[in-house]
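# Report on the structure
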Amino acid sequence: MKSFVHRGQITKVVFGSGTRAGLGGEVEALGRGRALVLCTPGQTAQAREVREILGSLTAGVFDQAAAHTPVAVTGKAVDAARAADADCLVSVGGGSTIGLGKAVALRTGLPHLALPTTYAGSEMTPILGETQEGVKTTRRLPEVLLDTVVYDVDLTLTLPPHVAAVSGLNAMAHAVESLYAQDGDPLAFLTAGEALDALAVALPAILRDPADTEARATALYGAWLAGTCLGTVGMALHHKVCHVLGGSFDLPHAQTHAVVLPHVVAYNAPAAEAAMARIGRALPGPDPAGAVFDFAGGIGAPRALRDLGMPESGIAEAADLVVRDGYWNPRPVHRDAVRDLLRRAWAGEPPA
Ligand code: NAD
């Protein structure tokens, strides 16, 4: 057997339906009693409900979380936390809100709890992406690991099926890249495979019946597993491409992951045999990349970067940015190959 190093997680995880009712107990278990609740402007209703659950343990609500964690918004949230004399943070939302919670926790040292409402997985990672003057930087910082994550399936029932589909593919992308990670380990491999199995079953079921609570629970379970992998092992070409497309071309996060994933699977297939075999178990088909492409199309995910607002003229620049800083990938990455991959993804062609 190959030698390995595994890093364990410190975050407490509570999972189930109706688990938000126990949030006050989780705040108190951290020795805290004045929570600032964070959300996006679109999720104020869920934040209000959390405020009611917390009752006297709430110090206030900050409802301006935004995509890509703009530093200016973080500054306002830090001011709000200080003005309210908050002693902990509760993020209610997806990756944008949890990103804000991490950024505020980093600057204030406050403990951070989250109720995730998408499948992005940020709650399980030490990764913080922030934007300042249009430039997005990403860091891995143990200080931003959350103290407590309360997964409540009920909070995901309002996620529209088409958003659930792309957010689920975002989670599947974490799992796929964990299967061939440079610093991968047996636990990450098992976890990633289980995440793929769960999401492969749950996402089509949610599309068939958005009120299927068992499918919603299975998807959230898969998202937790995938997020755990993202938090413990390093990512490769897929995440680099999506980072460039999101950061420099402002493409929407989950949708971009959904379009790019089959193309990177095709590119890495010759260099990642065990990973491809595991993807094939979750998504049977003649080849893993084709199976991912068909699966994504089958749950209504977008197929073309041009439909997400990517200009054709940006393909060459994006390829340059992807190869510029150099990073590990199971198959060596060359600019022309990345340009071809991006051109196919831009046009919505099948992976090759
Ligand atoms: P998001 O948090 O921006 O949410 C997308 C939209 O859906 C928002 O308008 C939100 O208000 C709404 N929404 C969320 N949950 C809902 C629900 N249950 N019902 C109805 N509406 C809901 O999107 P996301 O894809 O979760 O996160 C994307 C962001 O997270 C990006 O900035 C990305 O870089 C970051 N991210 C970070 C990490 C990390 O480890 N640091 C991991 C994944 C994503």
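Reading guide: rules and limits
Residues numbered from 1 in each chain as written. Predicted model: local features only at pLDDT ≥ 70, side-chain atom pairs only at ≥ 80, totals over all residues. Heavy atoms only, no water. Helix = DSSP H or I, 4+ residues; strand = E, 2+ residues; numbered from the N terminus. Rg over C-alpha atoms; globule rule 2.2 N^0.38 Å. Buried < 20%, exposed > 50% of the residue type's maximum accessible area, 1.4 Å probe, protein only. Contact = heavy atoms within 4.5 Å. Areas by Shrake-Rupley, 256 points an atom, 1.4 Å probe, with all protein chains shown as cover. Lys, Arg positive; Asp, Glu negative; His and termini not counted. Charge placed at Lys NZ, Arg CZ, Asp CG, Glu CD. Pairing = 2+ DSSP bridges. Axes fitted to C-alpha atoms, helices over the stretch in contact; angles between N-to-C directions. Domains from an automatic or database assignment. Buried area = accessible area lost by both parts, 1.4 Å probe. Polar contact = N/O pair within 3.5 Å; in protein donor to acceptor, adjacent residues only side chain to side chain. Nonpolar A, V, L, I, M, F, W, Y, C, P; charged D, E, K, R; others polar. Core = buried A, V, L, I, M, F, W, Y, C linked by side-chain atoms within 4.5 Å. Phe/Tyr/Trp six-rings, centres within 6.5 Å; stacked < 30°, edge-to-face > 60°. Lys NZ or Arg CZ within 6 Å of the ring centre and 35° of its normal. Salt bridge = Lys/Arg side-chain N within 4 Å of Asp/Glu carboxyl O.

## A word on the overall build of the chain
A count of helical and extended segments in the chain gives 13 helices and 8 strands. By the compact-globule yardstick of 20 Å for 352 residues, the chain fits well, its C-alpha radius of gyration being 19 Å. When each of the 352 residues of the chain is scored for burial, the buried share is 56%. In the chain, the share of contacts with a sequence separation of at least 24, taken over all contacts with a separation of at least 6, comes to 75%. Counting only carbon and sulfur atoms, one obtains 53% of the accessible surface of the chain, whose full area is about 14200 Å². If you average the places of the 28 positive and of the 35 negative side-chain charges in the chain, the two averages end up 3 Å apart.

## Remarks on the sheet that holds strand β5 (residues 112-116)
Across the sheet, which stays open at both edges, the 6 strands sit in the order β1-β8-β5-β4-β2-β3 with parallel pairing between neighbours. Each edge of the open sheet carries a strand with a single partner, namely β1 (12-16) and β3 (58-62). Across the sheet, the axes of successive neighbouring strands diverge by a mean angle of 15°, strand direction being ignored. When β5 meets strand β8 (residues 148-152), the two strands line up parallel, connected through 2 bridges. What sits directly across from L113, in β8, is T148. Set on the sheet, helix α4 (residues 95-108) makes contact with β2 (35-38), β3, β4 (88-93) and β5; between it and β4 the angle comes to about 165°. Strands in contact with helix α7 (residues 213-232) are β1 and β8; relative to β1, the strand with the most contacts, it is inclined by about 165°.

## Overview of the domain arrangement of the chain
Looking at the assigned domains, one finds that the chain contains domain 1 (12-156) and domain 2 (161-347). Spacing between the C-alpha centres of domain 1 and domain 2 amounts to 26 Å. Each side of the interface is counted separately: domain 1 has 19 residues, and domain 2 has 26 residues. A combined buried area of about 1800 Å² lies between domain 1 and domain 2, and 65% of that area is made up of carbon and sulfur atoms. Run the count over domain 1 and domain 2 and you get 6 residue pairs in polar contact (both at pLDDT 80 or more). Of the residues forming the side of domain 1 that touches domain 2, the biggest block, 3 residues, is contributed by strand β7 (residues 135-140). For the side of domain 1 that touches domain 2, the residue count by class is 9 nonpolar, 7 polar and 3 charged.

## Here's the deal with the nonpolar core
Counting residues in hydrophobic clusters, the biggest one holds 80 residues, and the most contacted among them are Y119, M172, L245, L305, M310 and L342. Top contributing element to this core by residue count: helix α5 (residues 161-179), with 10 residues. A domain-level breakdown of this core finds at least three residues from each of domain 1 (12-156) and domain 2 (161-347). Other than its neighbours up to four places away in sequence, L245 contacts D250, L251, T256, V260, L305, M310, A318 and L342.

## Things to note about the packing of aromatic side chains
All told, the structure shown has 2 aromatic pairs when counted by the stated rule. Consider the rings of F15 and Y151, whose centres lie 5.8 Å apart with planes at 45°: the pair is tilted. Within this pair, whereas F15 is found in strand β1, its partner Y151 is found in strand β8, the two being separated by 136 residues in sequence. Classification of F15 as partly exposed rests on a relative accessible area of 34%. By relative accessible area, Y151 is classed as buried at 0%. When the ring of Y221 is compared with that of W224, the centres are 6.2 Å apart and the planes differ by 50°; the resulting orientation is tilted. Of this pair, Y221 and W224 both sit in helix α7, 3 residues apart, which is roughly one turn of that helix. A relative accessible area of 26% places W224 in the partly exposed class. Stacked on the ring of F293, the Lys or Arg R303 has its end atom at 3.8 Å from the ring centre. The positively charged end of R306 is found above the aromatic ring belonging to W346, 5.1 Å away from the centroid.

## With respect to the side chain of T191
Among the structural elements, T191 can be located in helix α6 (residues 186-208). Given a relative accessible area of 15%, T191 falls into the buried group. T191 has contacts with L225 and C229, leaving out every residue within four places of it along the chain.

## Here we look at the pattern of salt bridges
A side chain with one charge can pair with a side chain of the opposite charge if their charged atoms come near. Within the structure shown, the criterion is met by 14 salt bridges. Here E26 makes a salt bridge to K12, at a shortest N to O gap of 2.9 Å. Highlighted residues: E26 in helix α1 (residues 23-29) and K12 in strand β1, separated in sequence by 14 residues. On the basis of relative accessible area, K12 is assigned to the partly exposed category, the value being 40%. Where salt bridges share partners, they join D320, R335, D336, R339 and D340 into one cluster.

## Some thoughts on the pairing of β8
Across the 5 residues that make up β8, a large majority, 5, are buried. Judged by which residues are buried, β8 turns out to be covered on both faces: T148, V150 and D152 on one side and V149 and Y151 on the other are all buried. Bridge analysis of β1 against β8 gives 5 bridges, and the strand direction is parallel. Bridge assignment links V13 to a residue of β8, and that residue is V149.

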